[in-house]
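Residue-level structure breakdown
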Amino acid sequence: MSGLLSDVRLGLRALARKPGVAVIAVVTLALGMGATSAIFSVVDAVLVRNLPYPDAGRLVLLWSTFANAGGARGGSALPDYRARRDESRSFAGMGGFYYRDLDLVSGAGEPEDIQAACVTASLFPTIGIAPRLGRGFVAEDETFGRHYVALLSHRLWQRRFGGDPNVVGSQVQIGGVRHTIVGVMPAGMPFLDDIPRVDLWVPLSFPVADNMDSRNNHFIYIVGRLGPGATIARAQGEVDAISRRVVERFPEASGVGGLVVSLDEQLTSQVRPALLILFGAVALLLLVACVNVANLLLARAVGREKEMAIRASLGATRRRLLRMAFVESLLLALAGAAAGLFLAWWGLEAMAGLLPENLPRYNAIAVDARVLGFTLGLGVVTVVFFGTLPALQVTRPAVLKEVGSRITHGRRRRLLRGVLVALETGLALVLLTVAGLLVRSFIELRNADPGFVADNMLALRIQLTGAKYPEPTRGAAFFADLTERLRALPDVRAAGASTALPLGFGAGWGKYLYVEDGPQPTSLEQIPNARFALVDHDFFRALGVALRRGRAFTRDEGERAPPVAIVNETVARRYLGAEPVGKWIRMCPPPALLAHSECPRRQVVGVVADSKTDGMMQDASAQVYVPYRQFDKEGWMGGMSIVVRTRGAPAAALAGVRAQMREIDAEQPIAEIATGEELLGRSVSLNRFSMVLLGLFALLAVILAGVGIYGVVSYLTAQRTQEIGVRLALGARPRDVVALVLREGMAMALAGVGLGLVAALAATHLVRGLLYGVAPTDPISYAVVTVPLVGLALLACWLPARRASRTDPMQSLRTD
């Protein structure tokens, strides 16, 4: 121990003698470790840690799959949920839920729209969590009429009820009906991925008249817990067998299957590739930083050869000298790790606004003990990486005994430094190329046509409660009154209503599409599925969707008017032929569609442009629009989105919109508000997150590579001061010296560029899924990033070359 403490003291004194080198090394390592630790904290929270549920690895999601939609997965029907729950043997528990907006009125507080989930009584026992206060739901709570009970999230309990421990048993108005609060859930408990963030739970229950308990309504999400010894493969086999038996008993379920997916995989599948790519990129940045520090310490070690030789002559063993060198490296690494932790904490704060909208478990991201351990581990690894070469170089027996040719040693050192320079240049080019592709992809994505006009657009999502608006006619009257009032505002050019807007704003659903003049289907698998939306007559003008053929809806097309429909270009192209206007279609649940009963014929009166349904990265879906006042034939649920086209900034019109809402119904909250630009921003948030961070990492890597090239060329030039003096004394011109230094420096850099291009060709294929409108081998992107990097390398070589060309020959010849 005393020997180690002595080495620490010697290391501190050695670093203090040249504080500039120590500071540069610590800053370089801090940049690499800080960026790596910040990204690790995100990867750890989202991908590595299990959900905070008991034995979370055994939780799965059970989807329904639809053959007529290419095997797409979606929610399940209640009868399918019960069949899987009752007939499977692989599950120790199973529960279901669906999301719903509910308005909450309590005490003197303002009405508030709360994101809620309607759940079966078995869901929370299946997940493995229990309320902190009170009780959970029981089977009797699912009986309609006895289902007016609720569970609060801990944050809602604190925010809305002041953490009152007597809240259990009290009553509040939820969805226009008095509910009894029976429990409060634990603090910090995420509901699955917490997207959306749920603050209220009520039992899943429907009146018989609603017809929700049918095989045509696929809306419930199913969570299962695998039993002891059960596997996903075994559970999948059981679900497949159950699906076959259901089809045998109920032909209308033909084409509907089941899929069992690990809950962890389901929650992270969309963001996993991007996060792993970012983690790989930041690892390359750390590698560039380590290479830079290794080069710096290698140059410093050469200057200490005489010191080490003297220590060896006084009896120091090579093991002792290696230990001294490693202790110095360890001190630098620990200092870099400490500074890196601060940068990681600061970086997470700065990154908060960049986090993607669909990032699960974001509430668990923090610089905690796991991140601290990771960063300290990085410190040890970096010691091994950048401390090995200098330590071995300075303690070689040939060096300590001053044996061997200086020229031979010099060539070996120049070769080693050249390899390090080429390595960090190549790594920087890989990062720069990937970042360049993402930047071009993001530009293409933002310039892509979403199918609507986002400028001067305001979107509002409103969910009417069944208790206050029990009849569809009352709900329709509410939205008709609201849109008419909004159109009369001076700041508003147009206003329209729809059950769903593009880019996933609002609820949407699908139905089977049958074309009368098309091929006659003999089974459900042959019938295509299309998105379905109810809209008013001014919706397309308010949203800015172009009418391609035919006409828009009129005010007169209500429930007594002939049923009509407008389709998008995808439906017209795929299913309606060259003359889509005038064709007759049906959109119904499966049984009615095959029987041609209870399924209104609709005449296509217009074709509108495609709009991005789910996101800017996805192609437009087949979409059919129907006048919302024909709701009685389509099962409208009372929730709609209002789109307002403003004359100026959308924020300026928001106060007027709220005032009109209060005049119609002072207790009706707005579930969500977003501008058109915000909708676009949400859709590309993952792309923006990846682009900004990778761009930042690439910029840091390029700066470090430039500094590394400059440092190595400067050092090598300084080592050749006498040679340059002799050349100048024998008649060499300054430009010859510049050319000599540039040739040797650029040879190292260009070798790195060549290696980097080869590595980039392989690495860019890994980001293919994040690219839009740009190929991984896009030559423009490669050229755009390669030329500046070569220019930077040229500048880093030219500065020491210019200084060397001004060498005084006589002064250099006097130098030993």
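The preceding data block contains the structure.
This section reports on the structure supplied with the text. (Residues numbered from 1 in each chain as written. Predicted model: local features only at pLDDT ≥ 70, side-chain atom pairs only at ≥ 80, totals over all residues. Heavy atoms only, no water.)

1. Focus: the pairing of strand β3 (residues 91-105)
In the case of a regular strand, side chains alternate between the two sheet surfaces. Across the 15 residues that make up β3, a large majority, 12, are buried. Where β3 lies against strand β10 (residues 221-226), six bridges are found, and the strand directions are antiparallel. Within the sheet, the bridge partner assigned to Phe 91 lies in β10 and is Leu 226. As paired strands, β3 and strand β4 (residues 112-119) are joined by eight bridges and run antiparallel to one another. Within the sheet, the bridge partner assigned to Asp 101 lies in β4 and is Gln 115. Alignment of β3 against strand β7 (residues 171-174), held across two bridges, turns out to be antiparallel. Looking across to β7, one finds that Leu 104 is bridged to Ile 174. (Buried < 20%, exposed > 50% of the residue type's maximum accessible area, 1.4 Å probe, protein only. Helix = DSSP H or I, 4+ residues; strand = E, 2+ residues; numbered from the N terminus. Pairing = 2+ DSSP bridges.)

2. Considerations on the environment of Val 177
Its location among the elements puts Val 177 in strand β8 (residues 177-184). By relative accessible area, Val 177 is classed as partly exposed at 23%. In this structure, the C-alpha to C-alpha distance between Val 177 and Asp 103, residues 74 residues apart in sequence, is 9.9 Å.

3. So, unusual backbone geometry
Look at Asp 55: it is not a glycine, yet its phi comes out positive at around 50 degrees. Among the structural elements, Asp 55 can be located in the loop between α2 (19-48) and β1 (59-66). In this structure Asp 55 comes out as exposed when scored by relative accessible area, which is 51%. Phi at Asn 456 takes a positive value of approximately 55 degrees, unusual for a residue other than glycine. Checked against the element boundaries, Asn 456 lands in the loop between α13 (406-447) and β12 (457-463).

4. Some remarks on the pattern of salt bridges
Enumeration over the complete set of coordinates arrives at 29 salt bridges. Across the pair Glu 112 and Arg 160 runs a salt bridge, and its minimum N-O distance is 2.8 Å. Of the two residues, Glu 112 sits in strand β4 while Arg 160 sits in helix α5 (residues 154-161), which places them 48 residues apart along the sequence. Arg 160 carries the same exposure label as Glu 112, and that label is buried. In this structure, the salt-bridge partner of Arg 485 is Asp 481, at a minimum N-O distance of 3.1 Å. Pair noted here: Arg 485 and Asp 481 are both in helix α14 (residues 472-487), with a separation of four residues, about one helical turn. Salt bridges linked by common partners bring Glu 484, Arg 487, Asp 536, Asp 538, Arg 541 and Arg 555 together as one network. (Salt bridge = Lys/Arg side-chain N within 4 Å of Asp/Glu carboxyl O.)

5. Topic: the nonpolar core
A general tendency of soluble globular proteins is for nonpolar side chains to be buried together. Leu 275, Phe 540, Tyr 625, Leu 694 and Phe 697 are the most contacted members of the largest nonpolar core, which totals 83 residues. Looking at this core, the element that brings in the most residues is helix α20 (residues 685-719), giving 12 residues. For Phe 697, the contacting residues outside a window of four places in its chain are Ala 35, Ile 39, Leu 278, Ala 281, Val 282, Leu 285 and Leu 431. (Core = buried A, V, L, I, M, F, W, Y, C linked by side-chain atoms within 4.5 Å. Contact = heavy atoms within 4.5 Å.)

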